[in-house]
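Per-entry structural report
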Amino acid sequence: MGLVTTPPSRFSLPPSSPNRRKLQESKLGTCFVSQVLHFGYLLRISSDFRLFGIESFHCARLKDGNASGEDYENIDWDTEDELEIENIGPSSCSNGVARNVGTIVSNGEASSSAGISNSKLVQHFLGMGFSEEMIAKAIKENGETNTESILESLLTYGALASEESPDELNSCHLSSPQQQQFVDNGQLSSDYDESVLADLSDSDDSWSGSEIAEINSSLPEHEKAILSLANMGYTIEEASAAIDRCGPEASIAELTDFICAAQMAKTEDVFFEEEKPKISLNGNLKKRKLYELEMWKRKKRKGVQTEDDEVIRLPNPMIGFGTPTDGIVKPHRILPEAAIGPPFFYYENVALAPKGVWDTISRFLYDVEPEFVDSKYFCAAARKRGYVHNLPINNRFPLLPLPPRTINDALPLTKKWWPEWDKRTKLNCLQTVIGSAKLTDRIRKALEKWGADPPQHVQKYVMDECRKWNLVWVGKNKLAPLEPDEVEMLLGFPRNHTRGGGISRTDRYKSLGNSFQVDTVAYHLSVLKDIFPNGLNMLSLFSGIGGAEVALHRLGIPLKNVVSVEISEANRDIVRSWWEQTNQKGNLIHLADVQQLNGDRLEQFMGSFGGFDLVVGGSPCNNLAGSNRVSRDGLEGEQSSLFYDYFRILDLVKCIINKQQ
DNA sequence: TATATAATGAAACCCATG
DNA sequence: CATGGGTTTCATTATATA
């Protein structure tokens, strides 16, 4: 099957990292951690069960009231004394978790919590599946500020409650087919749901166990199985997938085995190895699961995405928060509290990734809304990319001179040979491979058979090849792929940036095809010039040929210390060479592998020059890009899963900065 | 050995149309 | 609102060639 595994213990923190230390110093120690993880596992409704493990290590900031990021650019990040900042360590279930279960709490219960002043805190725990009474009790016992001990109390209540009802525990472990003999009423599933849904969404607890059982017994067989699995703590999506794979006749035991195997294959994460549902759910949660099942069936009928409620859609036109030439500029935005720096961060990847990828990326990067920009608004070639960053977006300015924005202006020598039936004014995305000489030769021969005006089908053939391979006219009937130096120019790099030093022509195309468009990135980074007039320290992950470095340099922002992590030696040589040729005054430190970059190394660097102001990175797109026929496996693909290292390192930097202050 | 070439589709988007 | 045609896409791999 197509499950892609990721290297084991990618998420297990290095032994000496500050996060790990924080865990060890915590009063509750690892037992508490595993309990939290277990509970998160039990309650999640998203299949993204990595999230809990990861996000629970966030150094989240807890702040009462509105989490407004407005005017954050006026905040002096060096003196954060006015902010109430608290590292609440492993018990901080930050945004990701709360959002995952948010669909459950949206129906009422929270609104009646008038007696408690901190409604956000209540919402938070409601979202984790605790009852309002329990939350009120826990807050009363522990006070509103100590989230950790509140959660501890809640977990204790939960454990006690499940011990009190051993019968339910049994009923949730139906493992033999015989026990699944319900009355099959067949077709009524589609019509009754309106009333059921209305009842289910009701917030009171008036449903008795027998009423739930009654509804259960009226469900079709496979939905009963789904519900059984859901009540055992699996997600409805997981349950449905398991039944799809194992067949409708499969026993619950077979289905749980399948789900466990799928989970293991998907994560190989030591944290979850012993995670199997053990605790039964109380009636209230069972009711919720029934409600979830109804919602899921609705979505499935309507063909709506079942994986995620809010699917990020690409904007049209793809101009992000505005471009220099469009006149449309969004003046400001509101960032989620957890996203606000320091450090500033800037993440990039292909916009046209498989569905759900950008939702995941955004969720990990503190719920920041991605900015999707097509670089065809900056230069003569398209480049549809998504950028997640916490930079201010007002008072941006472009690099000067503005680059040519049509093929005609960028490659004036081609104009003479351009036939009128080739209507292109922009090139398509610059990729890592180019059309071959043999291909252009075939096209020339095909054209030479006709006069000035080839027939429609020939024009169609030629144009298809032109668009596919980004060919340009360099002579009569003569097409050619772009030269490496033309690609450099289009992407905003200095001429010969990738030339020489033993790099082959093929590898130049490859490195360039994987790079930033400098003008686009520089436009976004331009706001840093006023903030760091004396220069900045940058951590550059997946540096490639140094697009971010070149952008900052061309903006006139001095580079003080740059730690650049890049796996390809050829690319490191290119950046090193550029660094020397441009007479940089700062220090360039090169590392090869992001996976080797741990908290200790980061602390060393940050201790020696006082922290990073900016963390930039475009993680590998191999498994996301549409051109990949072989291994377009999504964010869990072999290379693209390095995104999680970007997040890991960024979060480490965040933690270390907070610790230093 | 190093480099160039050809073969390898599908997912996701746009947009006009009924 | 569905649908069907049109378009785009930071690529990988085996094989041929120099």
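What comes next concerns the included structure.

What counts and what doesn't
- Residues numbered from 1 in each chain as written.
- Chains lettered and ligands numbered in written order.
- Predicted model: local features only at pLDDT ≥ 70, side-chain atom pairs only at ≥ 80, totals over all residues.
- Heavy atoms only, no water.
- Helix = DSSP H or I, 4+ residues; strand = E, 2+ residues; numbered from the N terminus.
- Buried < 20%, exposed > 50% of the residue type's maximum accessible area, 1.4 Å probe, protein only.
- Contact = heavy atoms within 4.5 Å.
- Phe/Tyr/Trp six-rings, centres within 6.5 Å; stacked < 30°, edge-to-face > 60°.
- Near = heavy atom within 4 Å.
- Polar contact = N/O pair within 3.5 Å; in protein donor to acceptor, adjacent residues only side chain to side chain.
- Nonpolar A, V, L, I, M, F, W, Y, C, P; charged D, E, K, R; others polar.
- Axes fitted to C-alpha atoms, helices over the stretch in contact; angles between N-to-C directions.
- Parallel < 35°, antiparallel > 145°, perpendicular 65-115°, else oblique.
- Left-handed = near helix turned anticlockwise from the far one by under 90°.
- Salt bridge = Lys/Arg side-chain N within 4 Å of Asp/Glu carboxyl O.
- Pairing = 2+ DSSP bridges.
- Arc of directions from axis to C-beta.

Of the regular secondary structure elements, chain A holds 27 helices and nine strands. For chain A, the residues scored as buried account for 55% of the 661 residues in total. Looking at chain A alone, contacts between residues at least 24 apart form 75% of all its contacts between residues at least 6 apart.

Okay, the packing of aromatic side chains next. Here the structure, examined in full by the defined rule, presents 16 aromatic pairs. Ring geometry for phenylalanine 364 versus tyrosine 644: centroids 5.2 Å apart, planes at 70°, classification edge-to-face. Remark: tyrosine 644 occurs in helix α27 (residues 643-660) and phenylalanine 364 occurs in helix α16 (residues 357-364); sequence separation between them is 280 residues. The same class applies to phenylalanine 364 as to tyrosine 644, namely buried. With centroids separated by 6.2 Å and ring planes inclined at 45°, the aromatic side chains of tyrosine 366 and phenylalanine 647 adopt a geometry described as tilted. A residue pair is termed long-range when its members are at least 10 positions apart, and tyrosine 366 in the loop between α16 and β2 (371-374) and phenylalanine 647 in helix α27 qualify at 281 residues. Since its relative accessible area comes to 2%, tyrosine 366 is described here as buried. A relative accessible area of 4% means that phenylalanine 647 is categorised as buried.

Near DNA strand B lie 16 residues; those nearest to it are Lys355, Ser436, Thr506, Gly626 and Arg629. The protein-proximal atoms of DNA strand B, defined as those within 4 Å of the protein, are 51% sugar or phosphate. In the environment of DNA strand B, a phosphate oxygen lies 3.2 Å from a nitrogen or oxygen atom belonging to the side chain of asparagine 316. Separating a sugar or linking oxygen of DNA strand B from a side-chain N or O atom of arginine 632 is a distance of 3.5 Å. Taken together, the elements giving at least two residues each to the surface near DNA strand B come down to α18 (437-448) and α21 (505-513). With three residues, the top contributor of residues to the surface near DNA strand B is α18. Within the surface near DNA strand B, the residues separate by chemical class into four nonpolar, six polar and six charged.

Let us look at the packing of helix α22 (residues 518-525) against helix α24 (residues 547-555). Helix-helix packing: each pair is described by the crossing angle between the helix axes and the interaxial distance. Orientation of α22 relative to α24, taken along the N-to-C sense of each, is 60°, at an axis distance of 9 Å. Relative to α24, α22 is oriented oblique. Handedness of the crossing formed by α22 with α24: right-handed. Of α24, the residues touching α22 (which contributes Val518, Asp519, Val521, Ala522 and Leu525) are Gly547, Val550, Ala551, Leu552, Arg554 and Leu555. Looking at the contact of α22 with α24 residue by residue, the class counts come to eight nonpolar, one polar and two charged.

Judged by how many residues are buried, α16 sits mostly within the fold: eight of eight residues are covered. Along α16, the residues classified as buried are Val357, Trp358, Asp359, Thr360, Ile361, Ser362, Arg363 and Phe364. Positive phi appears at tyrosine 366, one or two residues downstream of α16, with a value of about 65°.

A full pass over the atoms with the stated rule returns 15 salt bridges. Lysine 445 is paired through a salt bridge with aspartate 441; the nearest N and O atoms lie 2.8 Å apart. Linking lysine 445 with aspartate 441, this pair stays in helix α18, spanning four residues, or about one helical turn. Aspartate 441 sits in the partly exposed class, given a relative accessible area of 28%.

Among the 24 residues in the neighbourhood of DNA strand C, the closest are listed as Arg385, Gln431, Thr432, Cys621 and Asn622. Backbone atoms, meaning sugar and phosphate, make up 65% of the atoms of DNA strand C lying within 4 Å of the protein. Within the side chain of glutamine 431, one N or O atom sits 2.8 Å away from a phosphate oxygen of DNA strand C. Measuring from a phosphate oxygen of DNA strand C, one finds a side-chain N or O atom of arginine 467 at 3.4 Å. Contributing elements (two or more residues each) for the surface near DNA strand C: β1 (344-350), β3 (384-389) and α19 (456-469). Of the residues belonging to the surface near DNA strand C, the class tally is seven nonpolar, ten polar and seven charged.

So, on to the sheet that holds strand β7 (residues 559-565). Taken in spatial order, the seven strands line up as β2-β3-β1-β9-β6-β7-β8 in an open sheet, and their pairing is mixed. The sheet is open, and its two borders are formed by β2 and β8 (587-591), each paired with just one other strand. The sheet shows a mean angle of 20° between the axes of neighbouring strands, direction not considered. In this structure, β7 lies alongside β8, joined through five bridges in parallel fashion. Each bridged residue has a counterpart across the sheet, and for serine 564 the counterpart in β8 is histidine 590. Of the strands in this sheet, β6 (536-541), β7 and β8 are in contact with helix α26 (residues 599-609), which crosses β8 at around 180°.

Glancing now at helix α20 (residues 484-491). Those residues of α20 lying buried are Pro484, Val487, Glu488, Leu490 and Leu491. One face of α20 carries all of its buried residues, which in axial projection span an arc of 165°. Those residues of α20 that are buried are in contact with α17 (407-410), α21 and α22. Remark: glycine 492 follows α20 within two positions and exhibits a positive phi of approximately 90°.

This part takes up the environment of glutamine 456. Counting through the fold element by element, glutamine 456 comes out in helix α19. Residue class for glutamine 456 comes out exposed when judged on its relative accessible area of 63%. Sequence separation between glutamine 456 and tryptophan 421 is 35 residues, and the spatial gap between their C-alpha atoms is 9.9 Å.

Within the element layout of this structure, threonine 414 appears in the loop between α17 and α18. Threonine 414 sits in the buried class, given a relative accessible area of 7%. A polar side-chain atom of threonine 414 sits 2.7 Å from the main-chain carbonyl oxygen of leucine 411. Apart from the residues lying within four places of it in its own chain, the contact partners of threonine 414 are Ile407, Val472 and Trp473.

Moving on: unusual backbone geometry. Residue asparagine 316 is joined to proline 317 through a cis peptide bond whose omega torsion reads 0°. Turning to its location among the elements, proline 317 is positioned in the loop between α15 (283-302) and β1. With omega at -5°, the peptide bond leading from leucine 400 into proline 401 counts as cis. The phi dihedral of tyrosine 366 is positive, around 65°, even though this residue is not glycine. Within the chain, asparagine 395 stands out as a residue other than glycine whose phi angle is a positive 60°. Within the secondary structure, asparagine 395 sits in the loop between β3 and α17.

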